Amino acid sequence: MKTYFTQFGLLIGMLLSFQLGWSQEMLLIKGKVSNADTYTAIPYASITVVGGPKNLGTTTNEKGEYSLKVPANYTSIKISYVGFNTEEYPLSKEAEQQIRVMLFPSNSIEEVVVTAPKRVKYSNKNNPAVELIRKVVEHRDQNRLTGQKLAEFDQYEKISLGLSNLDNKFKDKKIFKNYQFLFQEDDSLDNNYVLPAYMEEKFSKVYYRKDPNAKKQYVLAERKAEFDPKFVDNDGLSKYFNRLYDEVEIYDNNISILTNQFLSPIANSAPTFYRFYITDTIKTISPMLVELSFYPRNKADLLFKGKLYVTLDGNYAVQSAQMTINKDANVNFVRDLNIELGFKKNADNKFYLTKSSLGIDFALTEKGKGIKGKRVVLIDKYENGIERPDSIYAVPDVYIAKQEAVEEQEKEESYWATLRPEPLQKSESIIYQNIDSLQRMPSFRTFMDVAALVFSGYKQAGPVEIGPVNTFYSYNPVEGFRLRVGGRTTEQLSKRFFMEGYGAYGFEDKKWKYFLSGTYSLNNKSVYTFPQHYIRVSASYDTKIPGQNLEFIQEDNVLLSFKRGENQSYLYNEVYRVDYKAEFSNNFSVTAGLGTWNQNPAGVLAYRMPQADGTFQRINSLKSTEFNVGLRYAPKEEYYQGKLYRTPLFNKYPIFNLNYTAGIKDLFGGEYNYHTINAGVFKRFYLSQLGYADVNVDGSYTFGDNLPFPVLNIHRANQTYAYQLNSYNLMNFMEFISDHHASWNVQYYMNGFIFNKLPLIKKLKIREVFSFKGVYGGLRDSNNPSLNNTIYAWQTNSKGEQSSFTFNDKPYMEVSAGVSNIFKILRVDVVKRLNYLDNPEAPEWGIRARIKFDF
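From a predicted model like this one, the values you see are computed outputs, not experimental measurements.

Cut-off values and rules
- Residues numbered from 1 in each chain as written.
- Predicted model: local features only at pLDDT ≥ 70, side-chain atom pairs only at ≥ 80, totals over all residues.
- Heavy atoms only, no water.
- Helix = DSSP H or I, 4+ residues; strand = E, 2+ residues; numbered from the N terminus.
- Buried < 20%, exposed > 50% of the residue type's maximum accessible area, 1.4 Å probe, protein only.
- Contact = heavy atoms within 4.5 Å.
- Areas by Shrake-Rupley, 256 points an atom, 1.4 Å probe, with all protein chains shown as cover.
- Lys, Arg positive; Asp, Glu negative; His and termini not counted.
- Charge placed at Lys NZ, Arg CZ, Asp CG, Glu CD.
- Pairing = 2+ DSSP bridges.
- Polar contact = N/O pair within 3.5 Å; in protein donor to acceptor, adjacent residues only side chain to side chain.
- Core = buried A, V, L, I, M, F, W, Y, C linked by side-chain atoms within 4.5 Å.
- Axes fitted to C-alpha atoms, helices over the stretch in contact; angles between N-to-C directions.
- Phe/Tyr/Trp six-rings, centres within 6.5 Å; stacked < 30°, edge-to-face > 60°.
- Lys NZ or Arg CZ within 6 Å of the ring centre and 35° of its normal.
- pLDDT = per-residue confidence, 0-100.
- Salt bridge = Lys/Arg side-chain N within 4 Å of Asp/Glu carboxyl O.
- Patch = residues over 30% accessible without salt bridge, like charges linked within 9 Å, V, L, I, M, F, W, Y side chains within 5 Å.

What's the story with the overall build of the protein in this structure? I'm lost.
Along its length, the protein carries ten helices and 45 strands. If one aligns the C-alpha atoms of the protein with their principal axes, the spans along those axes are about 110 × 90 × 60 Å. Counting over 855 residues, the protein shows a buried share of 50%. For the protein, the share of sequence-separated contacts (at least 6 apart) that also reach a separation of at least 24 residues comes to 63%. Per element, the accessible surface of the protein, about 41,600 Å² overall, is 57% carbon and sulfur. The distance from the centre of the 104 positive side-chain charges to the centre of the 94 negative ones in the protein is 4 Å.

Right, here's the structure in full:
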């Protein structure tokens, strides 16, 4: 037996030796060797691997070109030729890399200003490449737009997208028989096609002023290949694409692309996260340039790789840049990404941006079909120091300055040909015409109708929409099986007046529920588009769980039918309201409303008034009349407007909310007087390579005495198994009630900063997420059922136990740690409740999941 173990050990050792010695990872090194004085090729120069065997090497061909495969454990190569100084160049860990070599004649007495580092092991210390990038960082502010006092220029930009990597087999499918005019040959690949699907162009005049700071873009002309607004929010789609293909500002510390932030190679902390190499000097132009190559130290981090061309004229400005991301980067659905930047020197001897190009190819698999898009920004007629009147800077940041004559010209291709600094590509030039032709085809409109049903939940039926379909069926313990059908009118019926409604029936309580509203637009725009300005009248009778406030989902969504713990505290709400809303172009909005609200308890929920003999009188209903006004300010907010909700595209600016509600006794039967003020702020904090954090804080105070709990603050709880961002996921419904409170909610997304550095784990591209939520408040004695027997008693559960409380000397708190980006869409959290564990059915631990799509 010992012999067998010995032989087995030897066999394993031999296999490991074979794998390490013969199957290890190889690097492919390519390049060209040239004379540093004449820039002519050097044929038959010798390239060897430092520390490698004698047979591991090659020579250049007649054109000075070479190609060499090197085991990944070697770190540098040596280049030599008779009559020239021998040079050593470091190797990166990239599978494929280009090293262009410049050899200086050995009899030359010319001083070498910049040379490649000769250190075998990479280090920032005494590294001329790192010293150079620090010079670029030091001169960064003087070389960017914000370093100028006054500047103005013409700006042309375009975004184009289309399906990519389509082969003949796909193109010739029977389903595309009538759509062959859409397919265009892909110039970058043989026997492949693209299907152009979207195009947007914009021509602007931009004015910049440093003090007081302002940058204003006057849009002089624009056009888009628009789809039928019944199916697509074209403005929202434009904003979303512009956010994905954001402007690339190389001099910023962080560059926003794909809703993520990538650390710039010219950031203050760049030497900590990047490896830099000087790979060439270019003396044929003035000023002389240095080719500076850079690579991420960790391939999975949100970093770039590429080349910067830096001037050696004392300005250390970027003359051009070429960047991409590593295929191992923790980014979803991106098959390829390329950035090209070009700068030009003006009369003030400063370099300004002339061209920015960002191309991204999205796909689920490396070789599958995808979506290829590109944004190009071209700048011309750049001028410095021109004084403009203050009125120029008194407009919104993006100001539509078109006139009626221009709006007519925008439709003509000949007009745009005079605006474009460079012509459109062939695949781009036909998009406008193709989209128009496509939307006239009945088969395509049928496809869009089905797609709208799948993604938005509404089915088109002439001037009305039927839906949302995910609410047609649901279940709860009070209503039992619940069926619902509803719909709303569209602009086809009227551009001023819109109606919406539904009917529902519960098979357990045998009651009908309904909602009906009529909305009148005051600005002759759809009430579902920005800026909203309308008056709405509504009436409803339906069930509701007190303390369940959902966002971006209906309360009777079938997926929320499954809940933990006891779930029998419900209300039948009868509500009649008049509401007004006005949004302004600066993203400030005002809402106001007046309504009556009749709350009838259902399930185990009961309104119990204490009696002198120790018994309780049951109250069948509570009626309140409320007037409310709300203010909201969301600077530079952008979003996609869906059929039901606006999906926000968060930025770095905070969002402020202020709301006031007054309960009015004796008006329309209202039973109580009270006043509630609520204020809150939300902000996303970008932390560069450490991810980002969403922070939400709010507070409220209710003025009034002897108030029953239904008109107070019932804190947001969650008893489903879905992780809800703005609810307390281990708090029970109606568990905590207050008339004053302060709360916080921190969601911290690390974007894989830790997981990216763990072997094997980093290949999964999962990401860390943490949260910390808390709320603290209380009830004044006059509103506390424990101290006042003239108001409704505390709520009890089906066992007769008290199930509603207020806070004592500590806040309610819960924390979670989770893994997101599982299968690129799933987030799973382990949630722990930190206190109030003695309350009935209070869970200490829970696992919650959430679908989260992100790049």
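Just checking my understanding: could you explain the pairing of strand 2 (residues 46–49) for this structure?
The side chains of a regular strand alternate between both faces of the sheet. Judged by which residues are buried, strand 2 turns out to be one-sided: Ile-47 and Val-49 face inward and are buried, whereas Ser-46 and Thr-48, on the alternate face, are not. Where strand 2 lies against strand 3 (residues 57–59), three bridges are found, and the strand directions are antiparallel. Directly across from Thr-48, in strand 3, lies its bridge partner Gly-57. Sheet topology places strand 2 next to strand 5 (residues 76–80); four bridges connect them, and they run antiparallel. Bridge pairing in strand 5 places Ser-46 opposite Ser-80.

When you look at the environment of Arg-144 in this model, what are you seeing that I'm missing?
Relative to the assigned elements, Arg-144 resides in the loop between helix 2 (128–138) and strand 8 (150–166). Between the C-alpha atoms of Arg-144 and Leu-166, which are 22 residues apart in sequence, the distance is 41 Å. In this structure Arg-144 touches Glu-249, Tyr-251 and Asp-252, once residues within four positions along its chain are discounted. Among the polar contacts made by the side chain of Arg-144, one reaches the side chain of Thr-146 at a distance of 3.2 Å.

What's the story with the side chain of Ser-164 in this structure? I'm lost.
Relative to the helices and strands, Ser-164 resides in strand 8. Given the relative accessible area of 1%, Ser-164 is considered buried. Only 3.4 Å separates the side chain of Ser-164 from the side chain of Arg-335, close enough to count as a polar contact. Discounting chain neighbours no more than four positions away, the residues touching Ser-164 are Tyr-193, Val-194, Arg-335, Asp-361, Lys-369, Gly-370, Ile-371 and Lys-372.

Help me out: how do you make sense of the nonpolar core in this one?
Nonpolar side chains in soluble globular proteins tend to end up buried together. In terms of nonpolar packing, the biggest core is built from 52 residues, with Ile-257, Leu-258, Phe-304 and Leu-308 touching the most fellow members. Each residue touching Ile-257, except ones within four places of it in the same chain, is listed here: Leu-244, Val-248, Phe-262, Phe-304, Leu-337, Ile-339, Leu-358 and Ile-360. Counting 28 residues, the second largest nonpolar core, distinct from the first, contains Tyr-156, Phe-176, Met-199 and Tyr-432.

Sorry, what's going on with the sheet that holds strand 5 here?
Strand pairing in a sheet relies on backbone hydrogen bonds. The paired strands run either parallel or antiparallel. In space, the four strands of this open sheet follow the order 3-2-5-6, with antiparallel pairing throughout. Looking at which strands have only one partner, the edges of the open sheet turn out to be strand 3 and strand 6 (87–90). Averaged over all pairs of adjacent strands, the angle between their axes in this sheet comes to 20 degrees, without regard to strand direction. When strand 5 meets strand 6, the two strands line up antiparallel, connected through four bridges. Across the sheet, Lys-78 pairs through a bridge with Glu-88, a residue of strand 6.

Sorry if this is basic, but what is going on with the packing of aromatic side chains here?
The way to describe two aromatic rings as a pair is by their centre distance and the angle between their planes. Enumeration according to the criterion identifies 37 aromatic pairs in this entry. Aromatic pair Phe-736 and Phe-807: ring centres 4.8 Å apart, planes at 5 degrees, arrangement stacked. Of the two residues, Phe-736 sits in the loop between strand 39 (713–714) and strand 40 (737–738) while Phe-807 sits in the loop between strand 42 (767–778) and strand 43 (812–822), which places them 71 residues apart along the sequence. The class for Phe-736 is buried, based on a relative accessible area of 0%. When its relative accessible area of 6% is taken as the criterion, Phe-807 is described as buried. Within the aromatic cluster, the residues linked to one another by ring pairs are Tyr-728, Phe-736, Phe-807, Tyr-812 and Tyr-836. Stacked on the ring of Tyr-432, the Lys or Arg Arg-223 has its end atom at 3.8 Å from the ring centre. For the cation-ring pair, Lys-810 lies above Tyr-836, with the distance from its terminal atom to the ring centre recorded as 4.9 Å.

What exactly am I supposed to notice about the confidence of the model for the protein here?
Low-pLDDT portions of the prediction should not be read for the details of their coordinates. When pLDDT is averaged along the protein, the result is 85; 91% of the residues meet or exceed 70. In the predicted structure, residues 1–23 sits below a pLDDT of 50 and forms three contacts with residues beyond four places in sequence or in another chain. Contacts for the low-pLDDT stretch residues 107–114, under 50 throughout, to residues beyond four places or in other chains number eight contacts.

Any chance you could explain the sheet that holds strand 1 (residues 26–35) here in plain terms?
If you walk across this open sheet you meet the three strands as 4-1-7, and the pairing is mixed. Taken across any chain shown, the strands that pair with only one partner, and hence form the sheet edges, are strand 4 (65–71) and strand 7 (96–103). Recorded for the sheet is a direction-independent mean angle of 30 degrees between the axes of neighbouring strands. The pairing of strand 1 with strand 7 spans eight bridges and is classified as parallel. Residue pairing across strands places Leu-28 opposite Glu-96, the latter belonging to strand 7.

Is there a simple way to think about the pattern of salt bridges in this case?
Side chains that differ in charge, positive against negative, can pair when their charged atoms come close. Across all of its chains, the model carries 35 salt bridges by this definition. Its salt-bridge partner being Glu-222, residue Lys-402 comes within 3.6 Å of it at the nearest N-O pair. With Lys-402 in the loop between strand 21 (398–400) and helix 6 (404–409) and Glu-222 in strand 11 (residues 214–224), this pair connects stretches of sequence that are 180 residues apart. Residue Arg-375 pairs with Glu-247 through a salt bridge whose shortest N-O separation is 3.8 Å. Of this pair, Arg-375 sits in strand 20 (residues 370–384) while Glu-247 sits in the loop between helix 4 (234–244) and strand 12 (254–257), and the two are 128 residues apart along the sequence. Residues joined in a network through salt bridges with shared partners are Glu-479, Arg-482, Asp-509, Lys-513 and Asp-542.

Explain a nonpolar patch on the surface to me, please; I cannot follow it from the model alone.
Where nonpolar side chains cluster on the molecular surface, the patch consists of Phe-497, Met-499, Leu-516, Tyr-520, Leu-522, Ile-535, Val-537, Val-578 and Tyr-580 and spans about 750 Å² of accessible area. Of all the secondary structure elements, the ones that give two or more residues to the nonpolar patch are strand 26 (497–506), strand 27 (511–521), strand 28 (533–544) and strand 29 (569–583). By the element assignment, Met-499 lies in strand 26.

What should I look at first to understand the pairing of strand 31 (residues 607–610) in this one?
As defined by bridge partners, strand 31 adjoins strand 32 (residues 616–619) across four bridges and the pair is classed as antiparallel. Within strand 32, the residue paired with Tyr-607 across the bridge is Ile-619. Linking two consecutive strands that pair antiparallel, namely strand 31 and strand 32, is a turn of five residues; a positive phi of about 90 degrees is found at Gly-614 within it.

Help me understand unusual backbone geometry in this model?
The bulk of non-glycine residues show a negative phi, and the bulk of peptide bonds are trans. With an omega dihedral of -10 degrees, the bond running from Asp-211 to Pro-212 counts as a cis peptide bond. On the secondary structure map, Pro-212 appears in the loop between strand 10 (193–209) and strand 11. With an omega of -5 degrees, the peptide bond between Gly-467 and Pro-468 qualifies as cis. Here Pro-468 lies in the loop between strand 23 (464–466) and strand 24 (473–476). Of note, the phi angle at Lys-636 is positive, near 55 degrees, even though the residue is not glycine. Counting through the fold element by element, Lys-636 comes out in the loop between strand 33 (622–633) and strand 34 (638–641). Judged by its relative accessible area of 38%, Lys-636 falls in the partly exposed class. A positive phi angle, close to 55 degrees, is found at Ser-688, a residue other than glycine. Checked against the element boundaries, Ser-688 lands in the loop between strand 37 (674–686) and strand 38 (692–703). Note on Ser-688: relative accessible area 22%, which makes it partly exposed.

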